[in-house]
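Structural description and commentary
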Amino acid sequence: MPNYWLLKSEPSVFSIDDLSQSPRQTTCWEGVRNYQARNFLRTMAVGDLAFFYHSNADPPSIIGIVEIVKAAYPDHFAWDAKSKYFDKKSSPENPSWSMIDVKFLEKFSTPLSLERLRSIKALEHMELLRKGTRLSVQPVREREWKAILKLAQSGPVEKKTT
DNA sequence: GCCAACGTTGGC
DNA sequence: GCCAACGTTGGC
């Protein structure tokens, strides 16, 4: 039984289309610089699934699904002084940060916007929808995962014909 | 561009 | 160990 997650990315930085056009449709998920998020990364196992979330997007939305294909290993961008993810506290001898590899699985035909997700009763306790939450890596409960999958399969909301 | 909500830093 | 100042995230 896989565990479920949600990964945020700003599409102007790295979008789900960037992922699907990457070699082997796979990328390393570098740059997480928050301890709680890092600890979630370290909990992930190969075969776990994650929603791909577009933050700072119009509209912000869950846009697809990825699979974790490599468990946590040191984020070497942290000890590359030229990287925007450089962190002088991290070193190859004592890495502070971790990353995983993810593989593209699916892009939803209809993105599920925050607004739409907020309207779903089964998602009322979802971490993503909690006020003030900023975690870029979050666990997703199984019932939330299933409710969102069902939404994605049901397609867009019908326009009212009044 | 604004700003609320957090997380981190560092003086004391 | 407190907490003010500062930095970041991310919806709006």
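These notes cover the structure that comes with them. (Residues numbered from 1 in each chain as written. Chains lettered and ligands numbered in written order. Predicted model: local features only at pLDDT ≥ 70, side-chain atom pairs only at ≥ 80, totals over all residues. Heavy atoms only, no water.)

So, the side chain of S22
Worth spelling out the cut-off: Each helix is a run of DSSP H or I of at least 4 residues and each strand a run of E of at least 2, with the numbering of both proceeding from the N terminus. With a 1.4 Å probe rolled over the protein chains alone, any residue whose accessible area is under 20% of its type maximum counts as buried; one over 50% counts as exposed, and the rest are partly exposed. Here a polar contact means two N or O atoms within 3.5 Å. Within protein one must be a hydrogen donor candidate and the other an acceptor candidate, and residues neighboring in sequence count only if both atoms are side-chain atoms.
Here S22 lies in the loop between α1 (16-20) and β2 (26-28). Among the residues examined, S22 registers a relative accessible area of 15% and is labelled buried. Looking at S22, its side chain comes within polar contact range of the main-chain oxygen of D18, at 2.7 Å.

Some points on the pairing of strand β3 (residues 49-54)
Defined as follows: In short, DSSP must find at least two bridges between two strands for them to pair.
Summarising burial for β3: six of the six residues are buried, a large majority. Of the two faces of β3, the one holding L49, F51 and Y53 and the one holding A50, F52 and H54 are both buried throughout. Pairing of strand β1 (residues 4-9) with β3 involves six bridges; the strand directions are parallel. Paired with W5 across the two strands is A50, which belongs to β3.

Details of the protein's contact with DNA strand B
Short version of the rule: Nearness here has a simple test: a residue counts as near a molecule or strand if at least one of its heavy atoms is within 4 Å of that partner. Classification convention: Asp, Glu, Lys, Arg as charged; Ala, Val, Leu, Ile, Met, Phe, Trp, Tyr, Cys, Pro as nonpolar; all other residues, Gly among them, as polar.
Every residue near DNA strand B is listed here: Y35, K89, K131, G132 and R134. Between a phosphate oxygen of DNA strand B and a side-chain N or O atom of K89, the distance comes to 3.5 Å. One of the side-chain nitrogen or oxygen atoms of R134 is found 2.5 Å away from a base oxygen of DNA strand B. For the surface near DNA strand B, the class distribution of residues is one nonpolar, one polar and three charged.

Some points on unusual backbone geometry
Note: most residues except glycine have negative phi, and most peptide bonds are trans. At the junction of D58 and P59, the peptide bond is cis and its omega measures out at -5° in the coordinates. As for its position among the elements, P59 is in the loop between β3 and β4 (61-74). Positive phi, close to 55°, is recorded for R24, a residue that is not glycine. Here R24 shows up in the loop between α1 and β2.

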